[in-house]
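Architecture and fold: a report
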Amino acid sequence: MNLLKKIQFVLNVNCRQASQLLSDKSERPLAGYERAALRFHLFVCGPCRKYALFLLILRDVMMRISAEPNDAVHLSHESRSRIKATLEAHS
Amino acid sequence: MPEQPATNLTTSDPATWVDAHGDILFRYAVKRVRDRETAEELVQETLLAALQNRDSFSGKSAEQTWFISILRNKIVDHIRKRARERDRFEPTPDETYFDAKFAKKGKWSDAPVGWSGSNLSPDELREFRAALDLCADKLPPALAHVFSLRELDQMDSDSICKVLSITPTNLWTRLHRMRITLRECLEVHWLGDAKTTPAAAKEGC
């Protein structure tokens, strides 16, 4: 992309592109003009700032969730017995 | 020389496995495949594989860690198979998906509102988690797979692309779709009434 195109991108980036960049940010290093576009867009766009916050919350919760077990879920009695029987049969 | 603590080089009695580890393995699987029946099968396959490979248990890690590493491989295999089956029947959705989410000139059709402070209290976290479970269950398979691999297991992009046989660009598009889909669903099921405050509704780009 040439310089003029990059400048145009920075100035004209919309919510659709900005939200993709926000998601991409955790997947790949953004190019300089992409970072500039995102910063510029977030400065002027409330909904996209909200979306950025949502992504932060989601990431934070996912980290906490994967560390904590969920005690409410149990193997059913039937499957418990079935798995035991299968193991026994193969012992 | 000080005496080494006895290392347990053999596994415990397989007859005790289900009671000792069954629930933990089941929770791990259910969270990732989002289907109880499949999760049960995967737990059974895991314990069976462990039984058949008992000799390879080195005792270096805890027994449960060993089970989980086997289970993790089984889950990834399961997702890989599902992804192949699905791709045969439905072509990969293209950019048109986003047309419904964004209006003219790329503005949000249904703008994100109501999200504030990222420090959730334990109560809020519990509620968020319940809503997230519900919303993750609603994801179409292609998005559920990337949710499980990326958000739950924090697997890196390259590995996910290999598992799903897709390009990085395709993966990034899917992750973006998955995230905006979750956002919409969580705004309804978690934020609920908080969303429709007049102040929030007015804000625009």
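Residues numbered from 1 in each chain as written. Chains lettered and ligands numbered in written order. Predicted model: local features only at pLDDT ≥ 70, side-chain atom pairs only at ≥ 80, totals over all residues. Heavy atoms only, no water.

**Structural notes on the nonpolar core**
Within soluble globular proteins, side chains that are nonpolar tend to cluster in buried spots. Where we set the bar: Among buried residues, those of type Ala, Val, Leu, Ile, Met, Phe, Trp, Tyr and Cys that are joined through side-chain atoms within 4.5 Å constitute a nonpolar core. When accessible area is computed with a 1.4 Å probe and restricted to protein chains, residues below 20% of their type maximum are described as buried, those above 50% as exposed, and intermediate ones as partly exposed. For the purposes of this description, domain bounds are those given by an automatic or database domain assignment.
By size, the foremost hydrophobic cluster in this structure holds 85 residues, and its most contacted members are L47(B), F128(B), L132(B), F147(B), L164(B), L182(B) and L186(B). Each of domain 1 (14-89) and domain 2 (96-202) of chain B accounts for three or more of the residues forming this core.

**Section: the packing of aromatic side chains**
Basically, it comes down to this: What counts as a ring pair is set by centres within 6.5 Å for rings of Phe, Tyr and Trp (its six-membered ring), and what kind of pair is set by the plane angle: stacked under 30 degrees, edge-to-face over 60, tilted for all other angles. Labels follow the DSSP assignment, with helices taken as runs of H or I lasting at least four residues and strands as runs of E lasting at least two, numbered in each case from the N terminus. By definition, being over a ring means that NZ of Lys or CZ of Arg is both within 6 Å of the ring centre and within 35 degrees of the ring normal.
What the rule picks out here adds up to 10 aromatic pairs over all chains. Taking the centre distance of 4.8 Å and the plane angle of 55° together, the rings of F54(A) and W115(B) count as tilted. On the criterion of chain membership, the pair formed by F54(A) in helix α4 (residues 46-67) and W115(B) in the loop between α4 (96-101) and α5 (122-138) is interchain, its members lying in two chains. As far as the burial class goes, F54(A) and W115(B) line up, both buried. Between W17(B) and F67(B) the ring centres are 4.9 Å apart and the planes differ by 65°, which places this aromatic pair in the edge-to-face class. In this pair, W17(B) sits in helix α1 (residues 17-33) while F67(B) sits in helix α3 (residues 63-89), placing the two residues 50 residues apart along the sequence. Members of the aromatic cluster, connected to one another through ring pairs, are Y51(A), F54(A), F102(B), W108(B), W115(B), F128(B) and W190(B). The positively charged end of R28(A) is found above the aromatic ring belonging to W172(B), 5.3 Å away from the centroid. The ring of Y28(B) has R32(B) sitting right over it, with the charged end atom 3.6 Å from the ring centre.

**Remarks on helix α2 (residues 36-52) of chain B**
Helical geometry: 3.6 residues make up each α-helical turn, so side chains three or four residues apart lie on a common side. Selection rule: The span you would expect from a helix comes to 1.5 Å times its residue count less one.
With 17 residues, α2(B) extends 24 Å from end C-alpha to end C-alpha; this agrees with the ideal 24 Å at 1.5 Å per step. With 12 of its 17 residues buried, α2(B) lies for the most part within the structure.

**Thoughts on the interface of chain B and chain A**
The condition that has to hold: Throughout, a contact is declared for two residues whenever any of their heavy atoms are within 4.5 Å. What counts as buried area is the accessible surface, traced by a 1.4 Å probe, that two parts surrender upon association, with contributions from both included. Each reported salt bridge corresponds to a side-chain nitrogen of Lys or Arg within 4 Å of a carboxyl oxygen of Asp or Glu. A 3.5 Å cut-off defines polar contacts: any pair of N or O atoms within that distance qualifies, except that in protein one atom must be a possible hydrogen donor and the other a possible acceptor, and neighbouring residues in sequence count only when both atoms are side-chain atoms. By the convention adopted, Pro, Cys, Tyr, Trp, Phe, Met, Ile, Leu, Val and Ala count as nonpolar, Lys, Arg, Asp and Glu as charged, and the other residues, Gly among them, as polar.
With 58 residues of chain B in contact, the opposing surface of chain A contributes 48 residues. Counting each side, the surface lost to burial between chain B and chain A is near 5,100 Å², with a carbon and sulfur contribution of 61%. Sorting the residues of chain B by area buried against chain A places R27(B), W115(B) and R129(B) first, and these three jointly supply 13% of that buried surface. For the interface between chain B and chain A, the tally reads six salt bridges. Note that K84(A) is salt-bridged to D19(B), the shortest N-O span being 2.9 Å. At the junction of chain B with chain A, the criterion picks out 23 residue pairs in polar contact (both at pLDDT 80 or more). Sorting the residues of the side of chain B that touches chain A by element identifies α1, α2, α4, α5, α6 (141-152) and α8 (168-191) of chain B as the ones contributing at least two each. Considered class by class, the residues forming the side of chain B that touches chain A number 28 nonpolar, 13 polar and 17 charged.

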